[in-house]
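Residues per chain are reported as follows:
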Amino acid sequence: PNNRTYDLFYLPRRCAGQTNLSYAFINFNSEAHALAFKAAWQKQRLTQFRARKSVNISFADVQGLQANLRQLKKKRVRRIEMRQCQPIVIMNGCSVALDYALATLAK
């Protein structure tokens, strides 16, 4: 659940969309939320999945919703046709389409 702790979640998938690439991006609304998530999940194993690796959390170079959206726009993520493979963007507490979120970017 979101609980308004993050505003972007992106789990990149392989071309066919059937499996993920074993990493994700989450943009938290505050450093405190990011640190709490890391404290809860760092080095945990996701036993319901086949991967034997434990979760390894690191902080990204790109921080903030607007900066992440600009990064996604550069990478042409919006060309992903299957909506379930696109990033989840939360604005004002509601999930919005990626195209809408990208259109709100300050020029």
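One numbering rule holds for all chains: residues counted from 1, following each sequence as written. Local features in a predicted model are, by the rule used here, given only for residues with pLDDT of at least 70; side-chain atom pairs are given and counted only at 80 or more, and totals for whole chains, interfaces and linings are based on all residues. Side-chain descriptors were evaluated using all non-hydrogen atoms of the structure, hydrogens and water having been removed beforehand.

Colleague: Would you explain the nonpolar core in this entry?
Modeller: A general feature of soluble globular proteins is that nonpolar side chains tend to end up buried together. Note on terminology: a nonpolar core comprises buried Ala, Val, Leu, Ile, Met, Phe, Trp, Tyr and Cys residues joined through side-chain atoms within 4.5 Å. Only protein chains enter the accessibility calculation, which uses a 1.4 Å probe; a residue is then buried when its area is under 20% of its type maximum, exposed when over 50%, and partly exposed in between. Within the largest apolar cluster, 12 residues are counted, these being L8, Y10, L65, L69, L72, V89, M91, V96, L98, A101, L102 and L105. Should any heavy atoms of two residues lie within 4.5 Å, those residues are considered in contact. When near neighbours in sequence (up to four residues on either side) are disregarded, L8 contacts F25, I26, N27, L65, N68, L69, L72, I88 and V89.

Colleague: Would you mind going over the sheet that holds strand β2 (residues 25-28) with me for this structure?
Modeller: In sheet architecture, strand pairing relies on hydrogen bonds along the backbone and comes in two forms, parallel and antiparallel. Whether two strands pair comes down to DSSP finding at least two bridges between them. Here a helix means four or more residues in a row that DSSP labels H or I, a strand means two or more in a row labelled E, and each is numbered from the N terminus. Judged by pairing direction, the sheet is antiparallel, and its four strands sit side by side in the order β2-β1-β3-β4 without closing on themselves. Lying at the two open borders of the sheet, with one neighbouring strand each, are β2 and β4 (94-96). Taken over all neighbouring pairs, the strand axes of this sheet differ in orientation by 20 degrees on average, direction set aside. Here strand β3 (residues 88-91) runs beside β4; their pairing, made up of three bridges, is antiparallel. Looking at the pairing, I90 lines up with S95 of β4. All axes are obtained by fitting lines to C-alpha atoms, using only the stretch in contact for helices, and the reported angles, taken between N-to-C directions, cover 0 to 180 degrees. Sheet strands touched by helix α2 (residues 65-74): β1 (6-10), β2 and β3. Its angle to β1, the strand with the most contacts, is close to 25 degrees.

Colleague: Help me understand the side chain of D7, please; the structure alone is not making it clear to me.
Modeller: Relative to the helices and strands, D7 is located in strand β1. When charges are tallied, Lys and Arg are placed among the positive residues and Asp and Glu among the negative ones, while His and the ends of the chain are skipped. The working definition used for a salt bridge is a side-chain nitrogen of Lys or Arg within 4 Å of a carboxyl oxygen of Asp or Glu. No salt bridge forms around the buried D7; measuring N to O, its nearest opposite-charge neighbour R4 is 11 Å away. Under the rule applied, a polar contact is a pair of N or O atoms within 3.5 Å (in protein, one hydrogen donor and one hydrogen acceptor; residues adjacent in sequence only if both atoms are side-chain atoms). Within the structure, the side chain of D7 is placed 2.7 Å from the side chain of N27, a separation counted as a polar contact. Those residues in contact with D7 that lie beyond four places of it in its chain are N27, N29, L65, I88, V89 and I90.

Colleague: Got a minute to help me understand unusual backbone geometry in this structure?
Modeller: Where the residue is not glycine, phi is negative for most of them; where a peptide bond is considered, it is trans in most cases. At R4, a position not held by glycine, the phi torsion is positive, near 55 degrees. As for its position among the elements, R4 is in the segment before β1. Since its relative accessible area comes to 59%, R4 is described here as exposed.

Colleague: Which parts of the structure should I look at to understand the pairing of β3?
Modeller: On a regular strand, each side chain points to the face opposite its neighbour's, so the side chains alternate between the two faces of the sheet. Note that β1 and β3 share two bridges and pair antiparallel. Across the sheet, the residue bridging to F9 is I88, located in β3. Hairpin geometry of β3 and β4 is characterised by an intervening segment of two residues between the two adjacent antiparallel strands and by a positive phi of about 55 degrees at N92.

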